[in-house]
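Chains, contacts and geometry: an overview
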Amino acid sequence: MGVMRMGFCHVKVMDLAEARDHYVNVLGLYPTLETDDKIYLKGWDEWDHHSVVLEQGGVGVVSHGYKVRHESDLEDIEHNASAFGLSTQRISAGEHVELGDMVRVHLPNGHDADFYATATQLGVEVGVHNPDSFPTDLRNIGAPLLDHALFVGDDVETTERFFTEVLGFYASERMIASHEDGAPLMATWLSTGNKSHDVAFLKGPDGKFHHMSFALKDWAKVTDAADILVHRGYDMDLAPTRHGITRGETTYFFDPSGNRNETFCGGYLMYPDRPTITWTMDELGKGLDYYKREVSGTFLSVFS
Ligand SMILES: [Fe+2]
């Protein structure tokens, strides 16, 4: 089965105009379609029609999507998810605009995961023939692409088993509650390719959203992003630092509705024969903020 990557995050926002200012003028995503109640956006280095959907009316996540390699993968996912014990739903091409046929799987942690093989490809401004390295008209952070997301829900164990046993993801890192045998799984970071993670799940209230993350080129871009946010008067949720978990370099902040965003770079290359790293909750501070070795006030308490 060929899940290539996370394809989109669909989130709710309190005020579409405020959200547009954040995602377009601060993060630098391109709006590709605007309707009365939704805005579809993509990063400059993404070919597909959109990777972010903003929907008027609240806060938190509606659904998230994964792009698979082949249409035939959809039948396999539908069949294997049912055999695993999860309920599924077919969504016809175009019901989610500019995406093909989808299979929606209701995950054990209260989230909906949508799988699709085709999307309208808009391409990128620099093209594919002798391209320049990046567009020169980027706005502020100029985020190239959606990298991963972290979702909150109670049943991390079964969600992890679905992703590893059915979808073929690998757990790059796991957080368990304590050193004791059989300690509950508190979080898992899962990879479907060579990135340190494509999605992560954290134990907590079902159906809650922790963050979506945008990949930047390097550490300088992460600190530039934080500078831009400070210039714009944002409060930083986590000032630029390194995660011990995945070794990625990171900064956290909130969109105007209270959905957490991350800008991120680095991390190691993942291969299926790389052993899974295990963390214990007493070292969460080091895992989250490697330099301060403390858990920021909001990490385990503010979800959308
Ligand atoms: Fe992240």
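Residues numbered from 1 in each chain as written. Predicted model: local features only at pLDDT ≥ 70, side-chain atom pairs only at ≥ 80, totals over all residues. Heavy atoms only, no water.

1. Section: the coordination of the iron ion
The iron ion binds to the protein through His148 (NE2), His211 (NE2) and Glu262 (OE); the donor distances cover 2.1 Å. Donor residues for the iron ion, ordered by position in the chain, follow H-x62-H-x50-E. Here the residue histidine 211 occupies a position in strand S13 (residues 208–215), and glutamate 262 occupies one in strand S16 (residues 260–266), the gap between them amounting to 51 residues. Comparing histidine 211 with glutamate 262, the two get one shared label, buried. (Donors = N, O, S within 2.8 Å, 3.2 Å for Na, K, Ca; no water. Helix = DSSP H or I, 4+ residues; strand = E, 2+ residues; numbered from the N terminus. Buried < 20%, exposed > 50% of the residue type's maximum accessible area, 1.4 Å probe, protein only.)

2. Re the environment of valine 152
Among the secondary structure elements, valine 152 is positioned in strand S9 (residues 145–153). Apart from the residues within four sequence positions on either side, valine 152 is in contact with Asn109, His111, Leu202, Lys203, Gly204, Pro205, Asp206, Gly207, Lys208, Phe209, His210 and Phe303. (Contact = heavy atoms within 4.5 Å.)

3. Some details on the nonpolar core
Counting 57 residues, the largest nonpolar core has Leu54, Tyr66, Phe115, Phe163 and Met212 as the members making the most contacts within it. Two domains each provide a minimum of three residues to this core, namely domain 1 (3–116) and domain 2 (145–288). In this structure, tyrosine 66 is in contact with Val3, Arg5, Met6, Gly7, Ala113, Asp114, Phe115, Tyr116, Phe163, Phe169, Val199 and Phe201, ignoring residues within four places of it in sequence. In terms of nonpolar packing, the next biggest core, distinct from the first, is built from 16 residues, Val152, Met186, Trp279 and Leu284 among them. (Core = buried A, V, L, I, M, F, W, Y, C linked by side-chain atoms within 4.5 Å. Domains from an automatic or database assignment.)

4. Structural notes on the domain arrangement of the chain
Along its sequence, the chain is carved into domain 1 (3–116) and domain 2 (145–288). Each of domain 1 and domain 2 was reduced to a C-alpha centroid, and the two centroids are 19 Å apart. Residue-level contacts link 40 residues of domain 1 with 41 residues of domain 2. Summed over both sides, the interface of domain 1 with domain 2 buries roughly 3100 Å², with 70% coming from carbon and sulfur. Taken as a group, Met6, Phe84 and Asn109 account for 20% of the area that domain 1 buries against domain 2, more than any other trio of residues on that side. Across the domain 1-domain 2 interface, the total number found is one salt bridge. Two residues, aspartate 21 and arginine 232, come together in a salt bridge whose shortest N-O distance is 2.9 Å. (Buried area = accessible area lost by both parts, 1.4 Å probe. Salt bridge = Lys/Arg side-chain N within 4 Å of Asp/Glu carboxyl O.)

5. Notes on the sheet that holds strand S7 (residues 102–106)
Pairing is mixed in the open sheet, where eight strands are placed in the order S2-S3-S4-S1-S5-S8-S7-S6. Because the sheet does not close on itself, it has two edges, and the strands there are strand S2 (30–34) and strand S6 (88–91). Pairwise comparison of adjacent strand axes, ignoring direction, gives a mean angle of 25° for this sheet. As paired elements, strand S1 (residues 3–13) and strand S5 (residues 60–68) share eight bridges and run antiparallel to each other. Bridge pairing in S5 places phenylalanine 8 opposite glycine 65. The strands that helix H2 (residues 71–84) touches are S5, S6, S7 and strand S8 (112–116); relative to S6, the one it contacts most, it runs at about 155°. (Pairing = 2+ DSSP bridges. Axes fitted to C-alpha atoms, helices over the stretch in contact; angles between N-to-C directions.)

6. Notes on the environment of alanine 149
Relative to the helices and strands, alanine 149 is located in strand S9. If we skip the residues at most four places from it in the chain, alanine 149 touches Met6, Cys9, Asp198, Val199, Ala200, Phe209, His211 and Met212.

7. Re the pattern of salt bridges
Summed over all chains, the structure comprises 15 salt bridges. With its nearest N and O atoms 3.5 Å apart, the salt bridge here joins lysine 195 to aspartate 198. On the basis of relative accessible area, lysine 195 is assigned to the partly exposed category, the value being 29%. Among the charged side chains, a salt-bridge network with shared partners connects Arg5, Asp48 and Lys67.

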